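Remarks on the overall topology
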Amino acid sequence: NNQVSFELGSYDRSRELVIDPSVSIAYSAYLGGSAEDDSYGIAFDGSGNAYVTGETASRNFPFVGGVTPNTLHGTFNAFVTKIAANGSSLIYSTYVGGTATDIAYGIAVDASGDAFVAGTTTSTDFPTTSGVFQKTLAPGAAANAFVFELNPTGSSLTYCTYVGGGGSDTALGIALDGSGNAYIVGQTSSSNFPTVNPPLQGHVTGSTGSGFVTKLNSSGAALVYSTYLGGSSVSRGDLAGAVAVDSSGRAYVTGQTFSATFHTTTGAFQTACGSCTSGNSNAFVTVINAGGTAYVYSTFLGGNALDAGDGIAVDSAGDAYVAGTTTSSNFPTTTGAFQTTYGGATDAFVTKLNPTGTAPLMYSTYLGGSALDSAGSIAVDGSNNAYVVGATFSSNFPKANPTQSALNGPSDAFVTEINSAGSQLVFST
């Protein structure tokens, strides 16, 4: 009857089932106005609608519905745009911000279609809501982090709060658990950044700042836990750049540390920084339990040059997938991985760690050509294939079944899917 069906074996019915089509571009569109527009975060709901966030200086940024009055207030305002699954229309598109500079870096979406956004603001009139944890910019602050929840139609803020102290605070990543708690990570120079429960680390340690990990309750009214995360670098600050949360509420954090004293746990994969004594950074992976009371594990990840973790994801077994950037020719790779040799000026890397963060690595691979390559984010599907995005200047960046086979400018974006063993590319373009 002109129908095609698929007979399925056993699979995890709690997760979305995707029957993967051949690689093609479902849609592609510009999003912006006549001034500068930058997107930094994307998320999807169960219907395939895309939620994009970032910053805009355009007074004619495309807006649909949105938070009243939905006009540009400052030099830059954050924006949130919900794009229909087929890319044909905007479901909503809205400015969110005050009269100074507001930048949204991370976005997550819950099962109801509420968008949770985190970033940084210098606005004293950022649109906070009643009853939230912090209604005003902290006294003396250059910038505070912010977190807000936008309702499914994009018409109002369910909650909106500052999070920060008297220095400069930036939220770079956000994730949600099943109860609607928001986990934000970033960098702070504030000696009075809000900490609770008691914190795993109670004070800023780097000379220019530390990372932070903060769990905000579902109403935005209180912190469940909040802690600094960093070592005692004398020249550079540490930062937490990305976060993922598993079904048990454990927070998986990656970032960049210049500190040989960054906290690691006994038996972790790498307990010493490979480059901190020379003024360079290693990536790190730190997992914190649901209550924020203990480290599940914490490890350096890197070689003898500069390494940074930029994206993290977690699968249903508790394996962590980290993507980032390295200039280390001895970055740890594994036998049988797709690319075990350093490609050039900088490479992306993709590393999979087991649930205890111990050796051996499940896989670890370079991803790059002979010029500058960097990974920005990573996601994992139900088959444990990893999807990595980033930027490349390499004309010989590794490709597989590409939709675009050649570098078109000085640099292009890339999208790469790596199989579950880390041994080959499913596609790369």
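Preceding this paragraph is the structure being described.
Residues numbered from 1 in each chain as written. Predicted model: local features only at pLDDT ≥ 70, side-chain atom pairs only at ≥ 80, totals over all residues. Heavy atoms only, no water.

1. Brief notes about the overall build of the protein
So the rule is basically this: Counting from the N terminus, the helices are the DSSP runs of H or I reaching at least four residues and the strands are the DSSP runs of E reaching at least two. Put simply, the radius of gyration uses C-alpha atoms, and a globule should come to 2.2 Å times the residue count raised to 0.38. Note on exposure labels: buried denotes an accessible area under 20% of the residue type's maximum, exposed denotes more than 50%, and partly exposed covers the range between, all computed with a 1.4 Å probe on protein chains only. Throughout, a contact is declared for two residues whenever any of their heavy atoms are within 4.5 Å.
Within the protein, the regular secondary structure consists of zero helices and 24 strands. Relative to its length of 429 residues, the protein is compact, with a C-alpha radius of gyration of 21 Å against a globular reference of 22 Å. Among the 429 residues that make up the protein, the fraction classed as buried is 53%. For the protein, the share of sequence-separated contacts (at least 6 apart) that also reach a separation of at least 24 residues comes to 62%.

2. Overview of unusual backbone geometry
Residue Pro 69 is bonded to the preceding Thr 68 through a cis peptide linkage, with omega at 5°. Within the secondary structure, Pro 69 sits in the loop between strand 2 (50-56) and strand 3 (77-83). Residue Pro 360 follows Ala 359 across a cis peptide bond; omega there is 0°. Among the structural elements, Pro 360 can be located in the loop between strand 19 (347-353) and strand 20 (363-367). Even without a glycine there, the phi angle at Asn 384 is positive, about 65°. By the secondary structure assignment, Asn 384 is in the loop between strand 21 (373-380) and strand 22 (386-392).

3. Looking at the environment of Asn 419
Heads up, the rule is: N or O atoms within 3.5 Å of each other form a polar contact, as long as, within protein, one can give a hydrogen and the other can take it, and as long as residues adjacent in sequence are counted only when both atoms are side-chain atoms.
In this structure, Asn 419 sits in the loop between strand 23 (412-418) and strand 24 (425-428). Between the C-alpha atoms of Asn 419 and Ala 386, which are 33 residues apart in sequence, the distance is 6.7 Å. For Asn 419, the residues in contact, after removing those within four places along its chain, are Tyr 363, Asn 384, Asn 385, Gln 424 and Val 426. In terms of polar contacts, Asn 419 uses its side chain to reach the backbone amide nitrogen of Ser 423, at 2.9 Å.

4. Let's talk about the packing of aromatic side chains
As a reminder, the rule being used: Aromatic rings from Phe, Tyr and Trp, with only the six-membered ring used for Trp, were paired whenever their centres fell within 6.5 Å, and each pair was classed as stacked if the ring planes differed by under 30 degrees, edge-to-face if by over 60, and tilted otherwise.
Applying the stated rule across the entire model yields 15 aromatic pairs. An aromatic cluster is defined as three or more aromatic residues linked by ring pairs; in this entry it consists of Phe 126, Phe 146, Phe 148 and Tyr 162.

5. Observations concerning the state of the cysteines
Basically, it comes down to this: The criterion for a disulfide is a pair of cysteine sulfur atoms lying within 2.5 Å.
Scanning the model with the defined rule gives one disulfide in all. Paired through a disulfide, Cys 273 and Cys 276 show a sulfur-sulfur distance of 2.0 Å. For the disulfide bridge between Cys 273 and Cys 276, the dihedral angle about the S-S bond is near 85°, and by the sign convention the bridge is right-handed. Classification of Cys 273 by relative accessible area gives buried; the value is 16%.

6. Some details on the nonpolar core
Applicable threshold: Residues belong to a common nonpolar core when they are buried Ala, Val, Leu, Ile, Met, Phe, Trp, Tyr or Cys residues joined through side-chain atoms within 4.5 Å.
Core analysis: the largest hydrophobic core is formed by 22 residues, its most contacted members being Phe 148 and Leu 150. Those elements that provide at least two residues to this core are strand 3, strand 4 (90-96), strand 5 (102-109), strand 6 (115-121), strand 7 (144-150) and strand 8 (157-163). Those residues in contact with Leu 150, other than ones at most four positions away along the chain, are Val 67, Val 80, Tyr 92, Thr 94, Asp 114, Ala 115, Ser 156, Leu 157 and Thr 158.

7. What about the sheet that holds strand 20?
Note: strands within a sheet are paired through backbone hydrogen bonds, in either parallel or antiparallel orientation. Where we set the bar: Two strands pair if DSSP finds at least two bridges between them. Geometry is summarised by axes, namely lines fitted to C-alpha atoms with helices restricted to the contacting stretch, and by angles between N-to-C directions that run from 0 to 180 degrees.
Pairing is antiparallel across the open sheet formed by four strands, whose spatial order is 17-18-19-20. The open sheet has two edge strands, strand 17 (307-314) and strand 20, and neither has a second partner. Averaged over all neighbouring strand pairs, the angle between strand axes comes to 20°, with direction disregarded.

8. Regarding the pairing of strand 21
Pairing of strand 21 with strand 22, which is carried by seven bridges, proceeds in the antiparallel orientation. Bridged to Ile 378 within strand 22 is Val 388. Here strand 21 folds back onto strand 22 in antiparallel fashion, the turn holding five residues, of which Asn 384 has a positive phi close to 65°.

9. Comments concerning a nonpolar patch on the surface
Condition: A patch consists of residues whose relative accessible area exceeds 30% and which take part in no salt bridge; residues with like charges are grouped when within 9 Å of each other, and nonpolar side chains (Val, Leu, Ile, Met, Phe, Trp, Tyr) when within 5 Å. For the accessible areas, the method is Shrake-Rupley and the probe is 1.4 Å, while residue cover comes only from the protein chains on display. Note on definitions: salt bridges are taken to be side-chain nitrogens of Lys or Arg within 4 Å of carboxyl oxygens of Asp or Glu.
Together, Val 4, Phe 6, Leu 8, Leu 17 and Ile 19 give the surface a local cluster of nonpolar side chains, amounting to about 510 Å² of exposed area. Position of Phe 6 among the secondary structure elements: in the segment before strand 1 (37-44).

10. A word on the environment of Val 109
Inspection of the secondary structure puts Val 109 in strand 5. The class for Val 109 is buried, based on a relative accessible area of 18%. Setting aside residues up to four positions removed in sequence, Val 109 forms contacts with Ala 43, Phe 44, Asp 45, Tyr 51, Asp 114, Ala 115 and Leu 176.

11. Here's the deal with the environment of Ala 108
Tracing the backbone through its elements, the reader meets Ala 108 in strand 5. For Ala 108, a relative accessible area of 11% gives the class buried. Remark: the alpha-carbon pair of Ala 108 and Leu 176, spanning 68 residues in sequence, is separated by 6.7 Å. Filtering out sequence-adjacent residues up to four positions away, Ala 108 remains in contact with Ala 43, Asp 114, Ala 115, Phe 116, Ile 174, Ala 175 and Leu 176.

12. What to know about the sheet that holds strand 1
With respect to topology, four strands assemble into an open sheet ordered 1-2-3-4, the strand pairing being antiparallel. Of all strands in the sheet, those bounded by a partner on one side alone are strand 1 and strand 4. The mean angle between the axes of side-by-side strands here comes to 15°, regardless of whether they run parallel or antiparallel. With seven bridges connecting them, strand 2 and strand 3 associate as antiparallel partners. Bridge pairing in strand 3 places Thr 56 opposite Asn 77.

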